[in-house]
Amino acid sequence: MTKVLSGVWPLLLGILLIMLGNGMHFTLIGLRGGIEGFSAASLAIVTSGYFVGFLSGARLTPIMIKRVGHVRVFAALGSFMSAGLITFPLLTDPWVWTLLRILIGFCMSGIYVTAESWLNYSATNNTRGKVLSAYMIAQTLGIIGAQGLLTLGDAGTSALFIVASILVSVSFAPILLSVTPAPVVEMARPMRLRELLATSPLGTVGIFLLGSIYATQAGMGAVFGTQAELTTGQIALFIAMLFAGALVLQYPIGWLSDRMDRRKLIFLIALMGTSSCTLGWLSEGNLQQLMIAAFLAGGMTTPLYALFLAYTNDALSVEDMPAASGGLVFTFGLGAITGPLITGWGMQHFGAFAFWPVLGATFIAIALFAVYRMTQRASIPLAETESYLGVLPTASPVAVEAAGVWAVEHAEAERDGTSDEAPEHEHK
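None of these values were measured; they are calculated from a predicted model.

Trainee: Just give me the short version of the overall build of the protein chain, but keep the residues and values in it.
Mentor: From N to C terminus, the protein chain includes 16 helices and zero strands. For 428 residues, the compact-globule formula gives about 22 Å, and the C-alpha radius of gyration of the protein chain, at 20 Å, lands near that figure. Projecting the C-alpha coordinates of the protein chain onto the three principal axes gives extents of approximately 60 × 50 × 40 Å. The buried share among the 428 residues of the protein chain stands at 58%. At a minimum sequence separation of 6, the contacts of the protein chain that also span at least 24 residues come to 86%. Per element, the accessible surface of the protein chain, about 16,300 Å² overall, is 65% carbon and sulfur. The averaged location of the 24 negative side-chain charges in the protein chain is 6 Å from the averaged location of its 20 positive side-chain charges.

Structure (structure tokens):
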């Protein structure tokens, strides 16, 4: 593993720093928005703006790379993102913030596409699983670490926004000083929604609903904390627990994914997600209960994303996987746009703790649809399924496609008894 990481550590370090800055900004929006007196509905629109930009960036970045190259695109997007972060405390208006969030979402999506293309290019067939896993871990640790940095300053001032901007600016140094030119990014045209639904109804509907859950947790979690009158430290811990759960539970869920009917596992995880939301709803100010609920809710969400990808790939030929990956990422993004809007409306009318019933209802919808699909189609034999690799919801189509290729190759190698990669590192 050390030998594998020695060639990509500058890129991983850069991603870690980017995620520190981006993770700070996600929580700061809720904190500062509460201080400025923004309503939950207004902050929901601001939150959704990020995912509008994210979808646009995933589509347009490959075109930009073809025209001017990886380095220029990467540097330009980083500059715009850094400038956007520092503008938030200067122009405290919900509509201005929405535009800034669209910009930052666009930049982050483009940064992911560029970084992941470099990362994929630097990996071989034998190391791709390890490299992708290390990349996902770096992202998650960055988001968790960002919450600790929030306790070092006052969200009512510009200081924390400036720190986030500095982290993003500094992050590009190790990347741009070490990477070599990569080939032009070639991503398959996303599969049409109708075709995706026909191929994998559960994968398509499930990942749309999951997009709603993920965006609500990541974007509205701090808004919930502010309206529930938690302290800055408690809000930071709450967000950190959402992502810590994802980091800890990814492997055991991935292990189970390769050993049982994935539809049954999807049902069980969605049911556990519902239970965690019920726990959060009934916490009534009990901080320990609230943190446990966050850990479990986050711990069910991120693994479900990779599980839906793996389940959909099981029904596809290798040739169709790239197009399906793009379609699923787009479908997830549509769900991510709608989720915060629904949650914000609920919190606006029923109070802060409406955050939990909205999440719980969405988990229940996934569970019920999984049960329905089990009555409509026979399960795929375990011997014919692909391997599971923990892909984060923040990944671009580049990483999702690379993970799909790895999953096929790794499953075939295991069936032949020739696997070179240790499953404990890759969540098989």
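Trainee: Explain the pattern of salt bridges residue by residue, including any values.
Mentor: The tally for this structure, following the rule as stated, stands at four salt bridges. Ionic pairing is found between Arg32 and Glu36, a salt bridge with its closest N-O pair at 2.9 Å. On the basis of relative accessibility, which here comes to 6%, the residue Arg32 falls in the buried class. Residue classification places Glu36 among the partly exposed residues on the basis of a relative accessible area of 32%. Each of the salt bridges in this network shares a partner with another, and the network as a whole consists of Asp258, Arg262 and Asp314.

Trainee: I'd like to hear about unusual backbone geometry, residue by residue, with values.
Mentor: Its identity is not glycine, yet Glu229 carries a phi of approximately 65°, on the positive side. On the secondary structure map, Glu229 appears in the loop between α9 (201-227) and α10 (232-257). Glu229 gets classed as exposed once you look at its relative accessible area, which sits at 70%.

Trainee: Please provide a residue-by-residue account of helix α12 (residues 287-314), values included.
Mentor: The first and last C-alpha atoms of α12 sit 41 Å apart over 28 residues, in line with the 40 Å expected at 1.5 Å per residue. A maximum bend of about 25° is found in α12 at Leu304. By the N-cap criterion, in which a side-chain oxygen at the helix start approaches the backbone nitrogen of a residue two or three places on, α12 is capped by Asn286, the distance to Gln288 being 3.2 Å.

Trainee: Could you give an account of the packing of helix α2 (residues 9-35) against helix α6 (residues 128-149), with specific residues and numbers?
Mentor: When two helices pack together, you describe them by how their axes are tilted relative to each other and by the distance separating the axes. Where α2 meets α6, the closest approach of the two axes is 7 Å, and the angle between their N-to-C directions is 40°. Regarding the angle of α2 to α6, the classification is oblique. Two packed elements cross with a definite hand, and for α2 against α6 that hand is right-handed. Between α2 and α6, the contacting residues are Leu12, Ile15, Leu16, Met19, Leu20, Gly23, Met24 and Thr27 on the first element and Ala134, Tyr135, Ala138, Gln139, Leu141, Gly142, Ile143, Gly145, Ala146, Gln147 and Leu149 on the second.

Trainee: I'd like a description of empty space enclosed by the protein, backed by residues and values.
Mentor: In this structure the tally under the stated criterion is four cavities of 30 Å³ or more. There is about 250 Å³ of room inside the largest cavity. Contributing to the lining of the largest cavity are 23 residues, with Phe26, Tyr50, Phe51, Tyr214 and Thr394 lying nearest its centre. Sorting the residues of the lining of the largest cavity by element identifies α2, α3 (40-68), α6, α9, α10 and α13 (321-350) as the ones contributing at least two each. If you tally residues by element for the lining of the largest cavity, the top one is α2, at five residues.

Trainee: Can you tell me about the environment of Ala395, naming the residues and giving the values?
Mentor: Here Ala395 lies in the loop between α14 (355-374) and α15 (397-416). With residues near it in sequence (within four places) discarded, Ala395 still touches Glu116, Met136 and Val400.

Trainee: Describe in detail the packing of aromatic side chains, supporting the description with residues and values.
Mentor: Counted by the stated rule, this structure contains 21 aromatic pairs. An angle of 85° between the planes, with centres 5.4 Å apart, marks the rings of Phe88 and Trp97 as edge-to-face. For Trp97, a relative accessible area of 0% corresponds to the buried category. On the numbers, 6.0 Å between centres and 70° between planes, the contact of Trp345 with Phe350 is edge-to-face. We classify Phe350 as exposed; its relative accessible area is 64%. Each residue in the set Phe26, Tyr50, Phe51, Phe54 and Tyr112 is aromatic and connected to the rest through ring pairs, giving one cluster. The ring of Phe330 has Arg59 sitting right over it, with the charged end atom 4.7 Å from the ring centre. In this structure, Arg101 is placed above the aromatic ring of Phe26, and the distance from its NZ or CZ to the ring centre is 4.4 Å.

Cut-off values and rules
Residues numbered from 1 in each chain as written. Predicted model: local features only at pLDDT ≥ 70, side-chain atom pairs only at ≥ 80, totals over all residues. Heavy atoms only, no water. Helix = DSSP H or I, 4+ residues; strand = E, 2+ residues; numbered from the N terminus. Rg over C-alpha atoms; globule rule 2.2 N^0.38 Å. Buried < 20%, exposed > 50% of the residue type's maximum accessible area, 1.4 Å probe, protein only. Contact = heavy atoms within 4.5 Å. Areas by Shrake-Rupley, 256 points an atom, 1.4 Å probe, with all protein chains shown as cover. Lys, Arg positive; Asp, Glu negative; His and termini not counted. Charge placed at Lys NZ, Arg CZ, Asp CG, Glu CD. Salt bridge = Lys/Arg side-chain N within 4 Å of Asp/Glu carboxyl O. Expected span 1.5 Å × (residues − 1). Bend = angle between axes of the 7 residues up to and from the residue. Polar contact = N/O pair within 3.5 Å; in protein donor to acceptor, adjacent residues only side chain to side chain. Axes fitted to C-alpha atoms, helices over the stretch in contact; angles between N-to-C directions. Parallel < 35°, antiparallel > 145°, perpendicular 65-115°, else oblique. Left-handed = near helix turned anticlockwise from the far one by under 90°. 1 Å grid on protein atoms, 1.4 Å probe; cavity = no way out; pocket = protein on both sides within 12 Å on 5 of 7 lines; lining within 4 Å. Points joined across faces, edges and corners; volume = space filled by probe spheres on them. Phe/Tyr/Trp six-rings, centres within 6.5 Å; stacked < 30°, edge-to-face > 60°. Lys NZ or Arg CZ within 6 Å of the ring centre and 35° of its normal.

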